[in-house]
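The chain contents come next:
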Amino acid sequence: MSRKPELKGRAARLARLFPVGRANQAARTPFVLLVVLLLGGGLIGLLVLNSALSEGSFKLDDLQKQTKNLTDEEQALQRDIDAYSAPDALQRRASELGMVPGGDPVFLGSDGTVKGVPSPAALRGPTQPPAPEAIGTPSVSAPVTPPTATPVTTPVTAPTPALTPVTTPTTTPGR
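Reading the values: rules and limits
- Residues numbered from 1 in each chain as written.
- Predicted model: local features only at pLDDT ≥ 70, side-chain atom pairs only at ≥ 80, totals over all residues.
- Heavy atoms only, no water.
- Helix = DSSP H or I, 4+ residues; strand = E, 2+ residues; numbered from the N terminus.
- Contact = heavy atoms within 4.5 Å.
- Areas by Shrake-Rupley, 256 points an atom, 1.4 Å probe, with all protein chains shown as cover.
- Salt bridge = Lys/Arg side-chain N within 4 Å of Asp/Glu carboxyl O.
- Buried < 20%, exposed > 50% of the residue type's maximum accessible area, 1.4 Å probe, protein only.
- pLDDT = per-residue confidence, 0-100.
- Patch = residues over 30% accessible without salt bridge, like charges linked within 9 Å, V, L, I, M, F, W, Y side chains within 5 Å.

**A few points about the overall build of the protein**
Then, in step 1: A tally of regular secondary structure across the protein gives four helices and two strands.
Then, in step 2: Contacts in the protein between residues at least 24 apart in sequence constitute 49% of all its contacts with a sequence separation of at least 6.
Then, in step 3: In the structure as shown, the protein presents an accessible area of about 16200 Å², 64% of it carried by carbon and sulfur atoms.

**Describing the pattern of salt bridges**
Then, in step 1: Per the stated rule, a full pass over the model turns up four salt bridges.
Then, in step 2: Here Asp-72 makes a salt bridge to Lys-68, at a shortest N to O gap of 3.3 Å. Taken as a pair, Asp-72 and Lys-68 lie in helix H2 (residues 23-84) at a separation of four residues, close to a single helical turn.
Then, in step 3: For Asp-72, a relative accessible area of 36% gives the class partly exposed.
Then, in step 4: Residue Glu-96 pairs with Arg-92 through a salt bridge whose shortest N-O separation is 3.6 Å. Taken as a pair, Glu-96 and Arg-92 lie in helix H3 (residues 87-96) at a separation of four residues, close to a single helical turn.
Then, in step 5: Owing to a relative accessible area of 40%, Glu-96 belongs among the partly exposed residues under this scheme.

**Observations regarding the environment of Pro-118**
Then, in step 1: Structurally, the position occupied by Pro-118 is in the loop between strand S2 (114-115) and helix H4 (132-135).
Then, in step 2: Using a relative accessible area of 57% as the deciding quantity, one classes Pro-118 as exposed.
Then, in step 3: Counting along the chain gives 15 residues from Pro-118 to Gly-103, while the straight-line C-alpha distance between them is 8.1 Å.

**Structural notes on the confidence of the model for the protein**
Then, in step 1: The predicted model of the protein averages 76 in pLDDT, with 63% of residues at 70 or higher.
Then, in step 2: Low pLDDT, under 50, characterises residues 137-144; the stretch is placed with two contacts to residues that sit more than four places away or in other chains.
Then, in step 3: The low-confidence segment residues 149-160 (pLDDT under 50) makes two contacts with residues lying over four places distant or belonging to another chain.

**Quick notes on a nonpolar patch on the surface**
Then, in step 1: A grouping of Phe-31, Val-32, Val-35, Val-36 and Leu-39 is seen on the molecular surface, where their side chains present a nonpolar patch of about 480 Å² in accessible area.
Then, in step 2: Mapped onto the elements, Phe-31 comes out in helix H2.
Then, in step 3: Exposure remark for Phe-31: the relative accessible area of 54% places this residue in the exposed category.

Structure (structure tokens):
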């Protein structure tokens, strides 16, 4: 009864294509090993990918914080620039440097003609050289002699040359 029936014809040819007995078990071992290796490799790949994504997320968070800090610094510097370039601040700093407002503008034509009436700038009070702190240069520790009081008897009739403004270097990079 343990005997298998004999196959004939087409069934016999098909039966010969399949291995008989323990050979079937040996063919399954490489397949199972391949599946286990593929699953293990996939899990390790997912772990590496997840680690890379979380590292990128941390870098992105750090860069966003740095961008926010730099934006805040830029806005603070822009407020400083706006405060220094306001008309009242410019007028105050110019008067500290001894500058006076000019008169009506005079223009020179291309043929050398003067358009307008030239006039000297009006002096307001005594003009003294500006303090080193107003210019932005450090003062030298040299002995300061008080100015001698000599009366000025000759009035100034020639127009005084316009003072050139002294600009202090800004600490803003790229501007």
